[in-house]
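# Report on the structure
Each chain, letter by letter, is given below.
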Amino acid sequence: MSERHKPKPSMGISHSAGPVFRVEQSIRSEIAAISPFVDKLMLFIKKCRCVPGGEIDVEMSLREALANAVVHGNHEDPHKYVYVNCRCMPNEEVSIVVRDEGRGFNGTELPNPIATEQLESTHGRGVYLMKTLMDEVHFEQGGTEVYMRKKSAKANHLSRRLL
């Protein structure tokens, strides 16, 4: 990541007792831009130890969200951008917002990808994967923003013990 986007502790209000690291960056709406960006952001997430052991779930969800934004949101228009905001709380959670410049979509109109009539379809599993792999996924701004959150196994264990 460039010096301009170097992660820094944030002093915002948080339920966390520890540091909060944030990264905000954008990529051009090109398929080729996804992997290099994901590789760099995942290195940041791993170094911060936001969700030890859960990184692969975050990576898969991030790739799906970016692919949806580039292909379906911005229609691979290289003049448009996809914006990513990542917030990492070590050993607690990571939250990621992916926003595109498209017209959005209605998430309630997505077909069920595990329905019999959809099983042979080559598309339509990205949102399902994100919702399966992450602890929280929801869409805002008419479907142009996806919010994803993954808690660390340690944080999940502690919250269950408090219940």
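Residues numbered from 1 in each chain as written. Predicted model: local features only at pLDDT ≥ 70, side-chain atom pairs only at ≥ 80, totals over all residues. Heavy atoms only, no water.

### So, the side chain of S61
Filter applied, for reference: Helix numbering and strand numbering both begin at the N terminus, where a helix is a DSSP run of H or I of at least 4 residues and a strand a DSSP run of E of at least 2. The term polar contact refers here to a pair of N or O atoms within 3.5 Å; inside protein, the definition further demands a hydrogen-donor-capable atom paired with an acceptor-capable atom, and it admits residues adjacent in sequence only when both atoms are side-chain atoms. Note on contacts: a residue pair qualifies if any of its non-hydrogen atoms lie within 4.5 Å across the two residues.
Secondary-structure assignment places S61 in helix α2 (residues 55–73). Of note is the side chain of S61, whose polar atom sits 2.9 Å from the backbone oxygen of D57. If near-sequence neighbours (up to four positions away) are discounted, S61 is found in contact with L129, M130, L133, M134 and M148.

### Let's talk about the pattern of salt bridges
The condition that has to hold: We count a salt bridge whenever a side-chain nitrogen from Lys or Arg sits within 4 Å of a carboxyl oxygen from Asp or Glu. Per-residue accessibility, obtained with a 1.4 Å probe over protein chains only, is compared with the maximum for each type, and a residue is labelled buried under 20%, exposed over 50%, and partly exposed between these values.
Under the counting rule described, the total for this entry stands at seven salt bridges. The shortest N-O distance in the salt bridge between D39 and R63 comes to 3.1 Å. Taken as a pair, D39 in helix α1 (residues 31–48) and R63 in helix α2 lie far apart in primary sequence, 24 residues in all. Judged by its relative accessible area of 23%, R63 falls in the partly exposed class. As a salt-bridge pair, E93 and R87 come within 2.9 Å of each other at their nearest N and O atoms.

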